[in-house]
Amino acid sequence: MHLARFPRIFLAHLPTPLERLDRLTKELGGPEIWIKRDDCTGLSTGGNKTRKLEFLMAEAEIQGADTVITQGATQSNHARQTAAFAARLGLACHILLEDRTGSNDPNYNGNGNVLLDHLHGATTSRRAGGVDMAAEMELLADRLRAEGRRPYIIPGGGSNPTGALGYVNCAFELVGQANDRGLVIDQIVTATGSAGTQAGLVTGLKALNAGIPLLGIGVRAPKEKQEANVFALAQKTSEKLGCPGVVARADVVANCDYVGQGYGIPRADTLEAIAMFAQLEGILLDPVYSGKGAAGLIDLIRKGQFSKGQRVVFLHTGGAAGLFGYDAVFAEDRKALEV
Ligand SMILES: *Cc1c(COP(=O)(O)O)cnc(C)c1O
């Protein structure tokens, strides 16, 4: 297992901190809660896509790309980090934004991540919800090639075996940090969407034979589909890494009970989790991913799923830039604070 064999552009601020959350731990009265701060990867407000892009952008450069194309939801954190990484490398960046929520809110459509996409100089085009976004990216790439450009397509969320290497790396980094300080981790919990984060993590953990279970909290697909997506990508990632078959189907566990009405639509417990992290720990979550992941973590602790002596690490995948596209969902709570 030698990650240095894979092309990579070192840009993320690593290692990200591993911190204990004392006030949240006390509030919930369950296991010791730790946080792995991948919201602090350092690129344009940070987030989990930066680790994946270190490997994806290296591949783009090797292929001689002058343009990158990617896609995501309107408030995509992946799109924002791709736009910033492309700016850093002097590549053109075109983003296809899928309207998955049908929101007409001007902040949802123009503030937050969308504002930052444009500040980084990326161009954006909108597509209706449910459109085949992979096919749309291919069409755009064909058009650009006809104009003499050299586009490189990054899949949604940066989730393919190349991007997942970023989270193999995170697994190695986290286990190394825990070993260095004698911290026994009993469980890792994180949000799971396009699957690259969970697939890379589970591959890295199994390749190390770490014996640390990983739970993904789903933000979109139902459990069966999410687990199948993660497992398929973990299999390909372990092949790429040189340890085929290291991940068993049973190693891939997702809980999709916290999605609510759908992708990008926060539930009451999403907002409660955001408020708890903000007010107990001074840490910002987001309404699409990390807020749902943390809502799952909090609920499972309240239900007694983890015992008091255990140590649970919440991998914070970032996303706080999206808060500025979702200010309307906090309007009621904020009224009470205007004294
Ligand atoms: C993309 C994203 C996730 C999900 O990661 P996947 O690799 O797509 O499963 C979680 N949190 C945030 C903030 C994200 O932007």
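Residues numbered from 1 in each chain as written. Predicted model: local features only at pLDDT ≥ 70, side-chain atom pairs only at ≥ 80, totals over all residues. Heavy atoms only, no water.

## Topic: the overall build of the protein chain
And step 1. Broken down by element type, the protein chain carries twelve helices and ten strands.
And step 2. Taken against the 2.2 N^0.38 rule, which gives 20 Å for 339 residues, the C-alpha radius of gyration of the protein chain at 19 Å falls within 12% of a compact globule.
And step 3. Its C-alpha atoms give the protein chain principal-axis dimensions of roughly 60 × 55 × 35 Å.
And step 4. The 339 residues of the protein chain split such that 56% are buried.
And step 5. Total accessible area on the protein chain is roughly 13900 Å²; 50% of this is exposed by carbon and sulfur atoms. (Helix = DSSP H or I, 4+ residues; strand = E, 2+ residues; numbered from the N terminus. Rg over C-alpha atoms; globule rule 2.2 N^0.38 Å. Buried < 20%, exposed > 50% of the residue type's maximum accessible area, 1.4 Å probe, protein only. Areas by Shrake-Rupley, 256 points an atom, 1.4 Å probe, with all protein chains shown as cover.)

## Remarks on the site of the ligand
And step 1. Every one of the 16 residues lining the ligand counts as a neighbour, but K49, K52, S194, T197 and T317 are closest to it.
And step 2. G193 places a polar main-chain atom, nitrogen or oxygen, 2.7 Å from an oxygen atom of the ligand.
And step 3. At 3.0 Å from an oxygen atom of the ligand is found a main-chain nitrogen or oxygen belonging to A195.
And step 4. In the complex, 98% of the free accessible area of the ligand, which totals 380 Å², lies under the protein chains. (Near = heavy atom within 4 Å. Polar contact = N/O pair within 3.5 Å; in protein donor to acceptor, adjacent residues only side chain to side chain.)

## Regarding helix α10 (residues 268-281)
Structural remark: α-helix, 3.6 residues per turn; residues separated by three or four positions point the same way.
And step 1. The terminal C-alpha atoms of α10, which comprises 14 residues, lie 20 Å apart, in line with the 20 Å expected from a rise of 1.5 Å per residue.
And step 2. Considered for burial, the residues of α10 that qualify are T270, L271, A273, I274, M276, F277 and L280.
And step 3. Buried positions along α10 lie against α1 (22-28), β2 (32-37), α11 (290-302) and β10 (311-316).
And step 4. G282 lies just past α10 and shows a positive phi near 70°. (Expected span 1.5 Å × (residues − 1). Contact = heavy atoms within 4.5 Å.)

## Quick notes on the packing of aromatic side chains
The relation between two aromatic rings is expressed through the spacing of the ring centres and the mutual angle of the planes.
And step 1. Scanning all chains against the criterion turns up three aromatic pairs.
And step 2. Ring centres of Y263 and Y289 lie 5.8 Å apart, and the angle between their planes is 75°; on these two criteria the pair is classed as edge-to-face. Of this pair, Y263 sits in the loop between β9 (253-255) and α10 while Y289 sits in the loop between α10 and α11, and the two are 26 residues apart along the sequence.
And step 3. Classification of Y289 as buried rests on a relative accessible area of 18%.
And step 4. When the ring centre of Y289 is taken as origin, the NZ or CZ atom of K49, which lies over that ring, is 5.4 Å away.
And step 5. The cationic tip of R100 hangs over the ring face of Y263; the distance from NZ or CZ to the ring centre is 4.4 Å. (Phe/Tyr/Trp six-rings, centres within 6.5 Å; stacked < 30°, edge-to-face > 60°. Lys NZ or Arg CZ within 6 Å of the ring centre and 35° of its normal.)

## Considering the pairing of strand β4 (residues 92-99)
And step 1. Extensive coverage of β4 is indicated by the burial of six of its eight residues.
And step 2. In terms of strand pairing, strand β3 (residues 67-73) meets β4 through seven bridges, oriented parallel. Counted as the bridge partner of G72 is L97 from β4.
And step 3. Each parallel crossover has a hand, and the one from β3 via helix α3 (residues 77-89) to β4 is right-handed.
And step 4. As defined by bridge partners, β4 adjoins strand β5 (residues 123-128) across six bridges and the pair is classed as parallel. For I95, the partnering residue across the bridge sits in β5 and is T124. (Pairing = 2+ DSSP bridges. Right-handed = clockwise from strand over helix to strand, strands pointing away.)

## Some words on the nonpolar core
And step 1. Within the largest apolar cluster, 36 residues are counted, with the highest numbers of intra-cluster contacts made by L24, V189, F277 and F314.
And step 2. If you list the elements that add at least two residues to this core, you get α1, β2, β7 (187-192), β8 (214-218), α10, α11 and β10.
And step 3. Dropping the residues within four chain positions of it, V189 is found in contact with L215, I217, G293, L297, F306, V312, V313, F314 and L315.
And step 4. One finds A178, I212, V313 and L315 within the second-largest nonpolar core, a separate group that totals 26 residues. (Core = buried A, V, L, I, M, F, W, Y, C linked by side-chain atoms within 4.5 Å.)

## A closer look at helix α7 (residues 161-180)
And step 1. Taking 1.5 Å per residue, 20 residues should reach 28 Å; α7 reaches 28 Å between its end C-alpha atoms and fits that length.
And step 2. With 16 of 20 residues buried, α7 lies mostly within the body of the structure.
And step 3. Two or three places before T162, at the start of α7, stands the capping residue N160, its side-chain oxygen 3.1 Å from that residue's backbone nitrogen.

## Digging into unusual backbone geometry
And step 1. Residue P15 is reached from L14 by a cis peptide bond, and omega for that bond is -5°.
And step 2. At S44, a residue that is not glycine, the phi angle is positive and equals roughly 50°.
And step 3. Along the chain, the position of S44 falls in the loop between β2 and α2 (49-62).
And step 4. Given a relative accessible area of 18%, S44 falls into the buried group.
And step 5. The residue T45 is not glycine, and still its phi comes out positive at about 75°.
And step 6. Tracing the backbone through its elements, the reader meets T45 in the loop between β2 and α2.
And step 7. On the basis of relative accessibility, which here comes to 55%, the residue T45 falls in the exposed class.

What is shown is where atoms sit, not what they do.
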